[in-house]
Amino acid sequence: MLFENHRFISFPQASYARFVLDETRCNGCGRCIKTCPIQLLMIKDEKACPNERYDDFRCITCQNCVSVCPQDAITIKGDYRVKKGFWKNADLVKGGKTLPDPLFFHDEKPFEDYEHDLTETEKVIYKRRSIRLYRKKQVPRELVHRVIEAGRFAPSAGNNQPWKFIVIQNKDLISEINQKCKKFIKIVMRGTMPDSWLKKQTPGDKNAKLKKWQTVATSLLVKWRAGDLDPRARGGMNTVTSDPDYDIFLGAPTLIIILADKRGIGSIDLDTGICTQNMVLAAHSLGLGTCYIGLIDGLMMYPKFRKSMGITHPFEIVTSFTLGYPQGQIDNIVKREQARVNWID
Ligand SMILES: Cc1cc2nc3c(=O)[nH]c(=O)nc-3n(C[C@H](O)[C@H](O)[C@H](O)COP(=O)(O)O)c2cc1C
Ligand code: SF4
Ligand code: SF4
């Protein structure tokens, strides 16, 4: 069963979301280019267009390009759907993405029409977006402290509060971590990517094939860390590592790494996840921008370096997020998959 399905693990027959650009509206400002985590857009003749360096089957439908565009020039069409094999999701996520509908209007009502009926917390939840466009201005210590305090008061199993925070405001150190993480991701990519994808200096090769040993490795690894082998994640990681200038920390002035005490009660990942989301929402409410950076995982390869930052036993890295002042208007309402709910009366 494992090997029987390898074709559908490595290259599932998926349909991807695509962005549609309205050239007549685009003013060539470049915001969508900088914000797209997968670098799917580029500027040509002073207009945004698909980035010819990459295959277009990588969009993660985050809609951040839509969110940052001052001209309403981008629409996202379609959703990521896989009909068969390991990644099959077509029957699990029915319908398409929709706008928030907390008040049961059952139609696509503009957020501004009912925003006044929502609580402040609800507004923060719906409007927050991952920020990938930062101003250079550093975040003052008092505000970072305020964000950490919001994390400190998160619930945790048995109130065990297993978290620890590393705050980095040193540009050179953030840059060093960036280089190290990218090196690690590149190694992972080598095992799970076709050669032509790794040498991504040319337009995408849709007929790319994995070597035999890579197919076996992918089929085995998927049982261990399926999330890292997801075709969208691999496409994204390939973009990150094939561009020498890609900064996984997005030029943000502050980086916060979240650690968990391995001896914590219950699920330390869940506890620290709840804590981090408290921090992210508090930051948004303070006018700051954040972006989770799971790619910090790459630091697992550098024990000495981790030690120099105070990441030692019993603590391990769970995640990280960038923090800074957003460049212009970014927070916005986007569409999401409809909720899968089994409602039992
Ligand atoms: C655990 C986690 C890890 C993430 N890692 C990254 C990352 O390494 N790089 C990045 O640009 N975005 C990262 N993101 C941000 C997601 O891409 C983003 O949350 C998603 O596309 C939805 O967009 P939104 O946050 O604007 O609503 C991560 C998000 C989460 C929750
Ligand atoms: S953000 Fe909008 S206006 Fe600016 S380059 Fe992109 S599509 Fe054009
Ligand atoms: S939806 Fe997200 S991944 Fe897709 S093109 Fe826009 S910014 Fe890039």
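Note on numbering: residues in each chain are counted from 1, in written sequence order. Going through the entries in the order they are written, you letter the chains from A and number the ligands from 1. This being a predicted model, a pLDDT of at least 70 is required before a residue's local features are given, and a value of 80 or more before pairs of side-chain atoms are given or counted; all residues contribute to the totals for chains, interfaces and linings. The basis for the side-chain values is all heavy atoms of the structure; hydrogens and waters are excluded.

**As for the overall build of the chain**
Point 1. For the purposes of this entry, the term helix denotes a DSSP run of H or I that reaches at least four residues, the term strand denotes a run of E that reaches at least two, and both are numbered from the N terminus. Helix and strand counts for the chain come out as 13 helices and ten strands.
Point 2. A radius of gyration in this sense is built from C-alpha atoms; the matching globule rule multiplies 2.2 Å by the number of residues raised to 0.38. For 345 residues, the compact-globule formula gives about 20 Å, and the C-alpha radius of gyration of the chain, at 21 Å, lands near that figure.
Point 3. Principal-axis analysis of the C-alpha atoms places the extent of the chain at approximately 55 × 50 × 50 Å.
Point 4. Under the scheme applied here, a residue whose accessible area is under 20% of the maximum for its type counts as buried, over 50% as exposed, and between as partly exposed, the area being computed with a 1.4 Å probe on protein chains only. Here the chain holds 345 residues, and 46% of them are scored as buried.
Point 5. A separation of at least 24 residues holds for 77% of the contacts in the chain among residues at least 6 apart in sequence.
Point 6. Split by element, the accessible area of the chain, about 18,500 Å² in all, is 54% carbon and sulfur. Should any heavy atoms of two residues lie within 4.5 Å, those residues are counted as being in contact. Per-residue and other accessible areas were derived by the Shrake-Rupley procedure at a 1.4 Å probe size, with only the shown protein chains allowed to occlude residues.

**Some points on unusual backbone geometry**
Point 1. Residue His313 is joined to Pro314 through a cis peptide bond whose omega torsion reads 10°.
Point 2. Secondary-structure assignment places Pro314 in the loop between α13 (303-308) and β10 (315-324).
Point 3. The phi dihedral of Phe104 is positive, around 60°, even though this residue is not glycine.
Point 4. Mapped onto the elements, Phe104 comes out in the loop between β6 (81-82) and α4 (111-114).
Point 5. Although it is not a glycine, His106 adopts a positive phi angle of roughly 60°.
Point 6. By the element assignment, His106 lies in the loop between β6 and α4.

**Some details on the sheet that holds strand β7 (residues 163-168)**
Point 1. Read across the open sheet, the four strands follow the order β7-β8-β10-β9; overall the sheet is antiparallel. If you trace the sheet from one side to the other, it starts and ends with β7 and β9 (289-292), each paired once. Across the sheet, the axes of successive neighbouring strands diverge by a mean angle of 25°, strand direction being ignored.
Point 2. When DSSP finds at least two bridges between two strands, those strands are taken to pair. Where β7 and strand β8 (residues 254-261) come together, six bridges link them in antiparallel fashion. Looking at β8, one finds that Val167 is bridged to Ile256. Structural elements are reduced to axes, namely lines fitted to C-alpha atoms, with helices fitted over the stretch in contact, and the angle between N-to-C directions of any two is expressed from 0 to 180 degrees.

**Here we look at the domain arrangement of the chain**
Point 1. Domain start and end points were adopted from an automatic or database domain assignment. Taken as a whole, the chain is organised into domain 1 (17-77) and domain 2 (141-169 + 253-324).
Point 2. For domain 1 and domain 2, the distance between their C-alpha centroids amounts to 31 Å.

**Some details on the site of ligand 1**
Point 1. Whether a residue is near a molecule or strand is decided by its heavy atoms; if any one of them lies within 4 Å of it, the residue is near. Around ligand 1, a shell composed of 14 residues is seen, among which Arg129, Ser130, Arg132, Gly294 and Arg336 lie nearest.
Point 2. By the criterion applied in these results, polar contacts are pairs of N or O atoms within 3.5 Å in which, for protein atoms, one can donate a hydrogen and the other can accept it, and in which residues neighboring in sequence qualify only through two side-chain atoms. One of the side-chain nitrogen or oxygen atoms of Asn64 is found 3.1 Å away from an oxygen atom of ligand 1.
Point 3. Taking Gly294, its main chain carries an N or O atom lying 2.9 Å from a nitrogen atom of ligand 1.
Point 4. Bound to the protein, ligand 1 loses 70% of the 620 Å² it would expose on its own.

**A short note on the pairing of strand β3 (residues 41-44)**
Point 1. Bridge count for β3 against strand β4 (residues 47-50) is four bridges, and the pairing is antiparallel. Looking across to β4, one finds that Leu41 is bridged to Pro50.
Point 2. In textbook terms, the turn of a hairpin is the stretch between consecutive antiparallel strands, and for β3 and β4 this stretch comprises two residues, one of which, Asp45, has a positive phi near 50°.

**Points about helix α11 (residues 231-242)**
Point 1. What a helix is expected to span follows from its residue count: subtract one and scale by 1.5 Å. The end-to-end C-alpha distance of α11 is 16 Å, a good match for the 16 Å that twelve residues give at a rise of 1.5 Å each.
Point 2. In terms of burial, α11 is a largely internal element, ten of the twelve residues being buried.
Point 3. Of the positions making up α11, those classed as buried are Pro231, Arg234, Gly235, Gly236, Met237, Asn238, Thr239, Val240, Thr241 and Ser242.
Point 4. The residue sitting at the N-terminus of α11 and contributing the capping side-chain oxygen is Asp230; that oxygen lies 2.7 Å from the backbone nitrogen of Arg232.

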